[in-house]
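Spelled out from the first residue to the last, the chains are:
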Amino acid sequence: MKKNIKLSGWGRFPEFDCNISTPRNLEELTKITQDGPSIARGNGRAYGDSALNQQNTISMHNFNRIVSFNKTSGQVVVEAGVILADLIDIILPHGWFPPVTPGTKFVTIGGMAAADVHGKNHHKHGSFAKFIDWIEIIGTDGKIVRCSPHENKELFDLTIGGMGLTGFIICISLRLRAIETGWIKQSVIPAANLSEVMQIFDKSQNATYSVAWIDCLTSGEKLGRSLVMLGEHAKYEDLPEKKRDCPYDIKVKKEITMPFNAPSFITNRYSLRLFNTLYYWNGKRKTGVRFVDWDSFFYPLDTILHWNRIYGRSGFAQFQCVLPLNRSREGLLEMLEVTRKAGLGSFLSTLKRFGKQSSRFSFPMEGFSLALDFPANEKYLTLMEKLDSIVLKYGGRFYLAKDSRMPKKTFHNSDLRIVDFIKSRKEKGYSKKFSSIQSNRLDI
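Model, not experiment: these values are computed from the prediction. (Residues numbered from 1 in each chain as written. Predicted model: local features only at pLDDT ≥ 70, side-chain atom pairs only at ≥ 80, totals over all residues. Heavy atoms only, no water.)

Draft legend 1. The arrangement of helix α10 (residues 328–342) in detail. Compared with the 21 Å implied by 1.5 Å per residue over 15 residues, the 21 Å span of α10 between its first and last C-alpha is a close match. Burial in α10 covers these residues: Ser328, Gly331, Leu332, Met335, Leu336 and Thr339. Axial view of α10: buried residues confined to an arc of 125°, hence all on one face. Its buried side turned inward, α10 meets α6 (194–203), β13 (209–214), β18 (316–324), β19 (349–354), β20 (367–375) and α11 (378–393). One or two steps after α10, the chain reaches Gly343, where phi turns positive at roughly 65°. (Helix = DSSP H or I, 4+ residues; strand = E, 2+ residues; numbered from the N terminus. Expected span 1.5 Å × (residues − 1). Buried < 20%, exposed > 50% of the residue type's maximum accessible area, 1.4 Å probe, protein only. Arc of directions from axis to C-beta. Contact = heavy atoms within 4.5 Å.)

Draft legend 2. The arrangement of the pattern of salt bridges in detail. According to the stated counting rule, one finds 21 salt bridges in the structure shown. Here Glu27 makes a salt bridge to Lys31, at a shortest N to O gap of 3.8 Å. Here Lys31 and Glu27 lie together in helix α1 (residues 26–33), a separation of 4 residues that amounts to about one turn. Judged by its relative accessible area of 55%, Glu27 is exposed. Judged by its relative accessible area of 55%, Lys31 is exposed. Linking Asp157 and Lys153 is a salt bridge whose minimum nitrogen-to-oxygen distance equals 2.6 Å. Of this pair, Asp157 and Lys153 both sit in helix α5 (residues 153–159), 4 residues apart, which is roughly one turn of the helix. Counted as one network, the salt bridges with shared partners bring together Lys105, Lys253, Asp293, Asp295 and Asp302. (Salt bridge = Lys/Arg side-chain N within 4 Å of Asp/Glu carboxyl O.)

Draft legend 3. Quick peek at the side chain of Thr166. Tracing the sequence through the fold places Thr166 in the loop between α5 and β10 (168–175). Assessed through its relative accessible area of 2%, Thr166 is described here as buried. Engagement of the side chain of Thr166 in a polar contact is seen with the side chain of Thr159, the distance being 2.7 Å. Not counting chain neighbours up to four residues away, the residues in contact with Thr166 comprise Ile137, Leu155, Leu158, Thr159, Phe421, Tyr430 and Phe434. (Polar contact = N/O pair within 3.5 Å; in protein donor to acceptor, adjacent residues only side chain to side chain.)

Draft legend 4. Up close: the pairing of strand β8 (residues 132–138). Within β8, 6 of the 7 residues are buried, which leaves the element mostly enclosed by the surrounding structure. Pairing geometry for β8 and β10, over 6 bridges, is antiparallel. Following the sheet pairing, Ile132 is matched in β10 by Leu174. In this structure, β8 lies alongside strand β9 (residues 144–147), joined through 4 bridges in antiparallel fashion. Bridge assignment links Glu136 to a residue of β9, and that residue is Arg146. (Pairing = 2+ DSSP bridges.)

Draft legend 5. Representation of the packing of aromatic side chains within the structure. According to the stated counting rule, one finds 19 aromatic pairs in the structure shown. With centroids separated by 5.2 Å and ring planes inclined at 35°, the aromatic side chains of Phe97 and Phe298 adopt a geometry described as tilted. Of this pair, Phe97 sits in strand β7 (residues 96–97) while Phe298 is found in helix α9 (residues 294–298), placing the two residues 201 residues apart along the sequence. Classification of Phe298 by relative accessible area gives buried; the value is 4%. Within the aromatic cluster, the residues linked to one another by ring pairs are Phe97, Tyr209, Trp294, Phe297, Phe298 and Tyr299. The lysine or arginine in question, Arg45, covers the ring of Trp10, its NZ or CZ lying 3.6 Å from the ring centre. (Phe/Tyr/Trp six-rings, centres within 6.5 Å; stacked < 30°, edge-to-face > 60°. Lys NZ or Arg CZ within 6 Å of the ring centre and 35° of its normal.)

Draft legend 6. Seen up close, the packing of α6 against α10. In contact at an axis separation of 11 Å, α6 and α10 are set at 140° when each is read in the N-to-C sense. Between α6 and α10, the interaxial angle falls into the category oblique. Relative to α10, the crossing made by α6 is right-handed. Taken together, the residues of α10 that come into contact with α6 (itself represented by Leu194, Ser195 and Met198) are Ser328, Arg329, Leu332, Leu333 and Leu336. When grouped by side-chain class, the residues that make up the contact of α6 with α10 number 5 nonpolar, 2 polar and 1 charged. (Axes fitted to C-alpha atoms, helices over the stretch in contact; angles between N-to-C directions. Parallel < 35°, antiparallel > 145°, perpendicular 65-115°, else oblique. Left-handed = near helix turned anticlockwise from the far one by under 90°. Nonpolar A, V, L, I, M, F, W, Y, C, P; charged D, E, K, R; others polar.)

Draft legend 7. Local environment of the nonpolar core. Counting 118 residues, the largest nonpolar core has Phe319, Met335 and Leu351 as the members making the most contacts within it. Not counting residues up to four positions away in its chain, the partners in contact with Phe319 are Met335, Leu370, Ala371, Leu372, Phe374, Met384, Leu387, Asp388, Val391, Phe398 and Arg405. (Core = buried A, V, L, I, M, F, W, Y, C linked by side-chain atoms within 4.5 Å.)

Draft legend 8. Geometry of the environment of Ile135. Assignment of secondary structure puts Ile135 in strand β8. Each C-alpha atom, one on Ile135 and one on Val145, is 8.3 Å from the other, the two residues being 10 residues apart in sequence. Non-local contacts of Ile135, meaning those with residues more than four positions away in its chain, are made with Val145, Arg146, Cys147, Phe156, Thr159, Ile160, Cys171 and Ile172.

Draft legend 9. Main features of the side chain of Asp415. Within the secondary structure, Asp415 sits in the loop between α12 (408–414) and α13 (418–427). A distance of 2.8 Å separates a polar atom in the side chain of Asp415 from a polar atom in the side chain of Arg417.

Draft legend 10. Spotlight on the packing of α10 against α11. Axis separation between α10 and α11 bottoms out at 10 Å; the angle between their running directions is 165°. Comparing their axes, α11 and α10 come out roughly antiparallel. Of the two possible hands of crossing, α10 and α11 adopt the one that is right-handed. Two secondary-structure elements touch here, α10 through Gly331, Glu334, Met335, Val338, Thr339 and Ala342 and α11 through Leu383, Lys386, Leu387, Ile390, Val391 and Lys393. Partitioning the contact of α10 with α11 into residue classes produces 7 nonpolar, 2 polar and 3 charged.

Draft legend 11. The arrangement of helix α2 (residues 84–91) in detail. What α2 keeps buried is the set Leu84, Ala85, Leu87, Ile88 and Ile91. Taken down its axis, α2 places every buried residue within 160° of arc, on the same side. Those residues of α2 hidden inside the fold are in contact with β5 (66–70), β6 (75–79), β7, α3 (109–115) and α9.

Draft legend 12. Molecular detail of the sheet that holds β8. Taken together, the 5 strands give an open sheet; going across it, the order is β5-β6-β10-β8-β9, and neighbouring strands pair in antiparallel fashion. Among the strands making up the open sheet, the edge pair consists of β5 and β9. Neighbouring strand axes in the sheet, compared pairwise and without regard to direction, differ in orientation by 15° on average. When β5 meets β6, the two strands line up antiparallel, connected through 4 bridges. Considered in β6, the bridge of Ser68 is made with Val77.

Everything listed is a geometric property; what it means functionally is a separate question.
Below is the structure:
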């Protein structure tokens, strides 16, 4: 049975009245998918409208079984609705970890495949696609099809990174990463400006994980000052004696809840400048190597439940782009300068170094990715349009899993691969069966 409720992505912007169904089994799911254009919805952690369809949003909540787990080889088969946090709870005590993970553990595995998520190790290991052996999909005729890099390859290539627009992912076979402990050996390196942080990334290509928090409100010689965090899975022999008895156990953190929508005046240029200054100098005090538990290293924001309320009732939008390697420095400098001059900074600003593109429709390309969170109001949305034009100028592209407001023309001008994707969707009948508010907005 369908319910009509208000739905949004994690950014809480925009919000729509949507008919949503929660099928209990494959038979019900197959019937619902024949009711006209629809889109699958996992745990609602895409930031914008990519998992929303006003007529037919289908929750994958009940498809949450771990079908099999080989504790020796690290091969796991899961249904698409399994949440990453639940999978980690099962695999970690046996010495395994997700090979690629986004910045939250509250995503579904199906959503990770549909967005072809990347992590802090893209420069070294690529995106999620590289670790998927096969997926099973409900297609246009309601039948389940298995596809992989070697079987039904065209469908596989269109689906991984295809944002749910080629069918409903039902099941995924995934190769995990072997680890010896649940701890990360973390190094924090301060960088005085953008040039310095890019040099640190270039010198740290052998690090398994790398990411930088970047101050987007500094100017002059301090423009782009950052804290670079490098990480390695700690080996058993690396651990201090007191951690060796239970190498996978970490202290359970007390959850903090943001209980209400913060007033809009909290996110002003003065509070942002103060926060960025304090964050930088506090991080600078923690330079050097220390052991950090996996949860704190990969998912620091997950300890604050409903942290998206910090941006107030109107919600927030994330701007995330990637610029090609040979033009990254120029483009990043221009974006940071435009942001600084507008006086409209971001609490959550991150910089990553990407490796080569992993799959046909993967977002990352070799270069640097900048992600900025902004309140969803007129001033910030205008700033994001200016940032869009800079990305186009330098040959960059945008991440659909984070998009909630990009104009159609901007998207089509940024990514010429979309022509082939749209052509395949029409030829194979996917466009009549699978669509989202985002795909309609961007004319995909």
